[in-house]
Amino acid sequence: MSLRRRVVVTGLGLCTPLGVGVKRVWKNILEGRSGIRSLPEIEAFKDAASRVVGLVPRGSGEGEFDEGAIVSSSERRTMALGTLYALCSAEEALNDSEWHPQTNDDRINTGVSIGTCIPDLESVIDAGNALRAGKSRLVSPYFIPIILPNLVAGHVSMRYSLKGPNHSVSTACATGLHSIGDAAAMIARGSCDVMIAGGTEACIHPLAFAGFGRAKALSKKFNSTPWLASRPFDARRDGFVLSEGCGLVVLEELEHALKRDARIYAEILGYGLSSDAHHVTAPHESGEGAVMAMRMALRDAGVNPNSVGHINVHATSTPLGDGIENLAIKKVFGEDSKKLLISACKGALGHLLSAAGSVEAILAILSTADGVCPQTLNITELSEEFDLNYCQNSPVAWEREGGERRIALKNSFGFGGTNVSLCIGEYIN
């Protein structure tokens, strides 16, 4: 690992149920606000058993998503909503990084790694209805490009004329973090100098609610109090809250960033991946897959477990998943697990599926840079096995120990048994 190039974070972009824009979202997270709302009372959702949702606020006001400011009406016909969220976040991240490649060399050395999973469901249904009616001519000529997962990265690269790696990941709820890890690896090995990376998802649709509902994955017990529905680690958790949005980072080779005097938020130190090889939706009860991913990230980073101070966990608020991740943390860190500051941000945001890992990675990056860990919302009762520090009730200051830099892990896990962990460090030259 000593021969690889160092990779740093120089730009951030967010589009979430807590608003559009990194500063706004970070402020709302630290103030303990929730982005979870009641499902719209419209005919299409009348059969949904879960009535809670995390929607990106729409409008032309500050912190709202304004579709018309991102694309023209003719462009909109060619893109899924998740692509628009990615274009919005990419613009913020590039402006934040102050990286605007103008020369051909700069464009060749800048790439994109953005993933998504669930296609534009309304487009799929419309096309299916047209075929069943014997009217294939009514299928949009843009249908295939709209539903292809890699077209998100394609549209971002085309908008900014970026000619470097054009990469797309689709690993369920691990997508966003895999996208960042893959992008960091590309820079580290010299494939390019800069990457825009992360995940996006726009899946709020009756079909998604029906599918996840039939899988018994969604919260139903808190329909009348939606802000309480997502409750990672709490004894009353009963499923996740379906949400949407996007989180993108600008990753950069260290010397490239220093040469242009870029602001550096943090450094990507290590990347770990594994598979449970066990079940379509359920993690293995031993937590082995999560353990392997975390240990690989630490080994890749050359970091001892006792040097980690914070974990931004996957914790979706499901009865099985939260318990297994909690067990895995204890296996990796042993007695040191009691010292960790653990934040589960889905309590405030819900589960953004493909975008969850990258949105939460941005929050972990900000924790590392600012020295504060967000609180985990809605913990009112903990079962016996949940005896770690989950940053309940309020944000927790993250002090450096012995002058050492702050080091965090970010975990994400997905259907199919895919696991990923990213090791993030405070930047020290």
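Residues numbered from 1 in each chain as written. Predicted model: local features only at pLDDT ≥ 70, side-chain atom pairs only at ≥ 80, totals over all residues. Heavy atoms only, no water.

## A word on the packing of aromatic side chains
Then comes step 1: Under the criterion given, the structure shown has 7 aromatic pairs.
Then comes step 2: With a centroid separation of 5.6 Å and 75° between ring planes, the pair formed by F45 and F209 is classed as edge-to-face. Of the two residues, F45 sits in the loop between β3 (36-38) and β4 (52-54) while F209 sits in helix α9 (residues 206-214), which places them 164 residues apart along the sequence. As far as the burial class goes, F45 and F209 line up, both buried.
Then comes step 3: Seen from their ring centres, F212 and F240 are 5.4 Å apart, and the 75° between their planes marks the pair as edge-to-face. Highlighted residues: F212 in helix α9 and F240 in the loop between α9 and β8 (245-253), separated in sequence by 28 residues. (Phe/Tyr/Trp six-rings, centres within 6.5 Å; stacked < 30°, edge-to-face > 60°. Helix = DSSP H or I, 4+ residues; strand = E, 2+ residues; numbered from the N terminus. Buried < 20%, exposed > 50% of the residue type's maximum accessible area, 1.4 Å probe, protein only.)

## Some remarks on the UniProt feature "active site" (unreviewed entry) in the chain
Then comes step 1: Using the residue numbers shown here, the UniProt feature "active site" (unreviewed entry) corresponds to C173.
Then comes step 2: Its place among the elements puts C173 in the loop between β6 (166-167) and α8 (175-188).
Then comes step 3: Non-local contacts of C173, meaning those with residues more than four positions away in its chain, are made with H314, H351, L353, G357, S412, F413 and G414. (UniProt positions renumbered as here; feature names shortened; annotations may be inferred. Contact = heavy atoms within 4.5 Å.)

## Observations regarding the environment of V291
Then comes step 1: Structurally, V291 is set in helix α11 (residues 288-301).
Then comes step 2: In this structure V291 comes out as buried when scored by relative accessible area, which is 7%.
Then comes step 3: When sequence neighbours within four positions are dropped, the list of residues in contact with V291 reads A328, K331 and V332.

## Quick look at the pairing of strand β7 (residues 194-201)
Then comes step 1: The buried fraction of β7 amounts to 8 of the 8 residues, a majority that puts the element mostly inside the structure.
Then comes step 2: The alternating pattern of β7 places V194, I196, G198 and T200 and M195, A197, G199 and E201 on opposite faces, both of which are buried.
Then comes step 3: Pairing between strand β5 (residues 110-115) and β7: 6 bridges, direction parallel. For V112, the partnering residue across the bridge sits in β7 and is I196. (Pairing = 2+ DSSP bridges.)

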